[in-house]
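Summary of the model geometry
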Amino acid sequence: MVEASQEVYSSLHRRFNGDLLRPADGGFEDARLVWNGMFDRTPGLIARCGDIADVQKAVRAAAEVGILTAVRCGGHSLAGFSTCDGGLVIDLSRMRQVTIDPEARRARFAGGCLLGSIDTATQKAGLVFPSGVVSHTGASGLILGGGTGWLTRRFGLSCDNVEDFTLVTADGSVVRCNSKENLDLFWALRGGGGNFGVVTEFEVRLHPLTSVVLSEGLTPESDIRGLLECWRDFMAEAPIDLKWNIDLRLASHINKVPIEMRGQPVAGSSLIWTGNPEAARPYLQHALSMCHPDTVSSKIVSFLNLQTMADSDFPHGRRYYTKSGYFVDLDDATIDRMVEAVATIPSPETQIELAYLGGATARLGADETAFGDRSAPFILNLLANWADPSVDAGNIAWIRRLFNELRPAMKPGVYVNFMSGDEQDRVPEAYHVRWDRMMAVKAQYDPNNFFRLNQNVPPRKVGAEIP
Ligand SMILES: Cc1cc2nc3c(=O)[nH]c(=O)nc-3n(C[C@H](O)[C@H](O)[C@H](O)COP(=O)(O)OP(=O)(O)OC[C@H]3O[C@@H](n4cnc5c(N)ncnc54)[C@H](O)[C@@H]3O)c2cc1C
């Protein structure tokens, strides 16, 4: 593998516009790190591309040598897919240009953008692109897997708002896809992850919004069950302006948490309202009625504040492990099991995250994008978060055990961006009835599975029946 990376380096170094970093080079140590500290890997070469021509050169050189290749935008893959030992990393972090057309409410941005760079640029025109909730997340990985966030119910998934993709495919060609060109690829990229090539540019729809109402509160352990029942019933009829996320965890030991709740199981409610603030009151009051009154706050916040307020909760370099699933309904037994589990959480930063999709997300049919079925509105993400490698096993086992207990009540399917690296066997489940079509598109654009460090879709075998 070391030799292969040297071969790629030799092929590229005279004609590469960006940076080529090898393990002995200054800057390599920082460049090799990804967000999830569980993946402490050392590539043989990091090709930090300066432009689309660099991406083409890197893909062609790597394919010729046959080196294992990872593609990186923000490096936030929970599964650690944007790095590898000994292989090549195609790093897009120098490609972060964003161009806004305020009149047309469109943006074009490059494949290395973080969410924060897009938000900052779009807000200058009073516009938003619906994306995720942590600004240091990479836009490419998030959008290609689907993309949920504060604005999902109002404006749909991130991938639903993409009009056009430009990508470099496995043979080094530049291909565009949109609602008129390369329709199968356009379908597959909206939810299909990094399987089909390196996306170098997105063209997306934007929406007017500069601030929201943000309300937060903590519910004590004794009332969590009631809160979840209320949330379950309330969200089915809630306006699309309302997003209400709940996380179950142990309360932190900070001043704003009442003394008797510190370190105890709690449910944190975070709500935003994207419409007229006056109209929000009855909904927010109802939702916050089950929170401890001393923990409740409501304020109007700028969109940029909203998008960065969780940044420090998920720092780079800690250890993370996740499992996720959908529920059509949250039955009482599922609620009971989740509530019981909170008291046994092994790390104070670990959370059971619950969100309700619906709204604009549910307007697209299951076969319209690779993301697929949107009919199960409850999305669960079990996210373990700890610092000490010596307690890896206990933290991972806690997530696996709870997931296995909850799984029988889940609808088959999983959001690929909330999967861990040990779940390749669930990828067919993620794409379900769309699996054959995914494999057919993969065979057309990446017949040798060059792009395989992802929630991998293998190319359909030659001679297999066309779906
Ligand atoms: C702190 C944090 C917060 C998150 N919040 C949300 C959230 O609010 N909503 C949500 O939906 N998800 C969220 N996620 C999950 C997130 O969507 C995925 O982790 C996503 O893969 C991150 O994208 P990235 O570009 O940073 O990842 P990377 O690690 O760079 O890449 C992830 C995958 O995408 C591929 N890829 C990256 N760039 C490209 C490209 N240009 N072309 C083709 N393939 C590419 C990679 O090869 C890899 O397989 C969050 C994750 C983290 C760590």
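First, a word on what this report is: a plain description of the structure on this page. (Residues numbered from 1 in each chain as written. Predicted model: local features only at pLDDT ≥ 70, side-chain atom pairs only at ≥ 80, totals over all residues. Heavy atoms only, no water.)

1. Quick notes on the pairing of strand β10 (residues 198-205)
As a general feature of sheets, a regular strand has side chains that alternate between the two faces. This is how it is decided: Whether a residue is buried, partly exposed or exposed follows from its accessible area with a 1.4 Å probe, protein chains only, as a fraction of its type maximum: under 20%, in between, or over 50%, in that order. Helix and strand labels come from DSSP, where a helix needs a run of H or I of at least four residues and a strand needs a run of E of at least two; each type is numbered from the N terminus. Pairing between two strands is assigned when DSSP locates at least 2 bridges connecting them.
The buried fraction of β10 amounts to six of the eight residues, a majority that puts the element mostly inside the structure. Pairing of strand β6 (residues 106-110) with β10, which is carried by five bridges, proceeds in the antiparallel orientation. When the sheet's bridge partners are listed, Ala107 is paired in β10 with Val204. Bridge count between strand β8 (residues 162-168) and β10: six bridges; the pairing is antiparallel. The partner of Leu167 across the bridge, within β10, is Val199.

2. Remarks on the sheet that holds strand β9 (residues 174-178)
Convention followed: Axis lines are fitted through C-alpha atoms, for helices just across the contact stretch, and the angle between N-to-C directions can take any value from 0 to 180 degrees.
Taken in spatial order, the five strands make up an open sheet running β5-β6-β10-β8-β9, and their pairing is antiparallel. Edge positions in the sheet fall to β5 (98-101) and β9, since each of these pairs with one other strand and no more. Each neighbouring strand pair of the sheet contributes to a mean axis angle of 15°, computed without reference to strand direction. Here five bridges tie β8 to β9, and the two strands are oriented antiparallel to one another. Among the inter-strand pairings, Val168 is bridged to a residue of β9, identified as Val174.

3. Side note on the packing of aromatic side chains
What counts is decided by this rule: Pairing of aromatic rings covers Phe, Tyr and the six-membered ring of Trp, with a centre-to-centre limit of 6.5 Å; geometry is then stacked below 30 degrees between planes, edge-to-face above 60, and tilted otherwise. The criterion is that NZ of a Lys, or CZ of an Arg, lies within 6 Å of the ring centre and within 35 degrees of the ring normal, and then a charge sits over that ring.
Summed over the entire model, instances satisfying the criterion amount to 15 aromatic pairs. Ring plane angle 55° and centroid distance 6.4 Å describe the contact between Phe234 and Tyr283, whose orientation is recorded as tilted. Highlighted residues: Phe234 in helix α8 (residues 221-235) and Tyr283 in helix α9 (residues 277-288), separated in sequence by 49 residues. Taken together, Phe109, Phe129, Phe165, Phe186 and Phe202 form an aromatic cluster joined through their ring pairs. The positively charged end of Lys323 is found above the aromatic ring belonging to Phe403, 5.2 Å away from the centroid. The ring of Trp187 carries the charged tip of Arg437 above its face, separated from the ring centre by 3.9 Å.

4. A look at the site of the ligand
To keep things clear, this is the line we draw: Nearness is judged by heavy atoms alone; a residue qualifies as near a molecule or strand once a single heavy atom is within 4 Å of it. Pairs of N or O atoms within 3.5 Å make up the polar contacts considered here, provided that, within protein, one atom can donate a hydrogen while the other can accept it, and that residues adjacent in sequence are counted only when both atoms are side-chain atoms. Values of accessible area rely on a 1.4 Å probe in the Shrake-Rupley scheme; residue burial ignores everything except the protein chains shown. As a working rule, the residues Ala, Val, Leu, Ile, Met, Phe, Trp, Tyr, Cys and Pro are called nonpolar, Asp, Glu, Lys and Arg charged, and the rest polar, with Gly in that last group.
The ligand sits among 34 residues. The nearest are Cys73, Ser82, Thr148, Val199 and Tyr415. One of the backbone N or O atoms of Gly138 is found 2.9 Å from an oxygen atom in the ligand. The fraction of the free accessible surface of the ligand (940 Å²) that becomes covered by protein chains is 95%. Those elements that place two or more of their residues in the shell around the ligand are β3 (69-72), α5 (139-145) and β10. Classifying every residue of the shell around the ligand gives 16 nonpolar, 17 polar and one charged.

5. Notes on helix α14 (residues 435-445)
Here is the rule: Here, the arc refers to the directions that run from the helix axis to the C-beta atoms. Residues are treated as being in contact if the distance between any of their heavy atoms lies within 4.5 Å.
Those residues of α14 not exposed but buried are Trp435, Met438, Met439, Val441, Lys442 and Tyr445. The buried residues of α14 occupy one face: seen down the axis, they fall within an arc of 165°. Taken together, the buried residues of α14 touch β9, α7 (183-189) and α13 (427-431).

6. As for the pattern of salt bridges
What counts is decided by this rule: Any carboxyl oxygen of Asp or Glu within 4 Å of a side-chain nitrogen of Lys or Arg constitutes a salt bridge here.
Under the defined criterion, the tally for this structure stands at 30 salt bridges. For the salt bridge of Glu203 with Arg108, the shortest nitrogen-to-oxygen distance reads 2.3 Å. Within this pair, whereas Glu203 is found in strand β10, its partner Arg108 is found in strand β6, the two being separated by 95 residues in sequence. With a relative accessible area of 27%, Arg108 lands in the partly exposed category.

7. Re the side chain of Ser420
Structurally, Ser420 can be placed in the loop between α12 (392-406) and α13. At a separation of 2.7 Å, a polar atom in the side chain of Ser420 contacts the main-chain carbonyl oxygen of Thr322.

8. Observations concerning the packing of helix α11 (residues 332-342) against α12
Basically, it comes down to this: Orientation categories follow fixed angle ranges, with anything under 35 degrees roughly parallel, anything over 145 roughly antiparallel, 65 to 115 roughly perpendicular, and all other angles oblique. In this scheme the crossing of two helices becomes right-handed for a clockwise turn of the near helix relative to the far one and left-handed for an anticlockwise turn of less than a right angle.
At a closest axis distance of 10 Å, the pairing of α11 and α12 adopts a crossing angle of 165°. Of the possible angle classes, the one that applies to α11 and α12 is roughly antiparallel. Pair α11 / α12 crosses with right-handed handedness. Across from Thr334, Arg337, Met338 and Ala341 in α11, the residues of α12 making contact are Trp398, Leu402, Glu405 and Leu406. A per-class count over the contact of α11 with α12 returns five nonpolar, one polar and two charged.

9. Topic: α8
Note the threshold: For a helix, the expected span equals 1.5 Å multiplied by the residue count minus one.
If you check α8, its first and last C-alpha atoms are 21 Å apart, about what 15 residues at 1.5 Å a residue would give, namely 21 Å. Residues of α8 that are buried: Ile224, Leu227, Leu228, Cys230, Trp231, Arg232, Phe234 and Met235.

10. Quick notes on the nonpolar core
Worth spelling out the cut-off: Among buried residues, the Ala, Val, Leu, Ile, Met, Phe, Trp, Tyr and Cys ones that are joined through side-chain atoms within 4.5 Å form a nonpolar core.
Counting 48 residues, the largest nonpolar core has Phe109, Ile143, Phe165, Leu185, Leu189 and Phe202 as its most contacted members. In contact with Ile143, not counting residues within four places along its chain, are Phe109, Phe129, Ser158, Cys159, Val162 and Phe202. Core analysis: the second largest hydrophobic core is formed by 46 residues, Val213, Leu242, Ala280 and Met410 among them.

11. Some details on the sheet that holds β3
Strand order in the open sheet formed by four strands is β1-β2-β4-β3, with mixed pairing between adjacent strands. Of all strands in the sheet, those bounded by a partner on one side alone are β1 (19-21) and β3. With strand direction ignored, the average angle separating the axes of adjacent strands in the sheet is 15°. Bridging between β3 and strand β4 (residues 88-91) involves four bridges; their strand directions are parallel. Opposite Arg72, over in β4, you have Asp91 as the bridge partner. Where helix α3 (residues 52-65) meets the sheet, it contacts β2 (45-48), β3 and β4, and its direction lies at approximately 165° from that of β4.

None of the figures reported here should be taken as evidence of function without further support.
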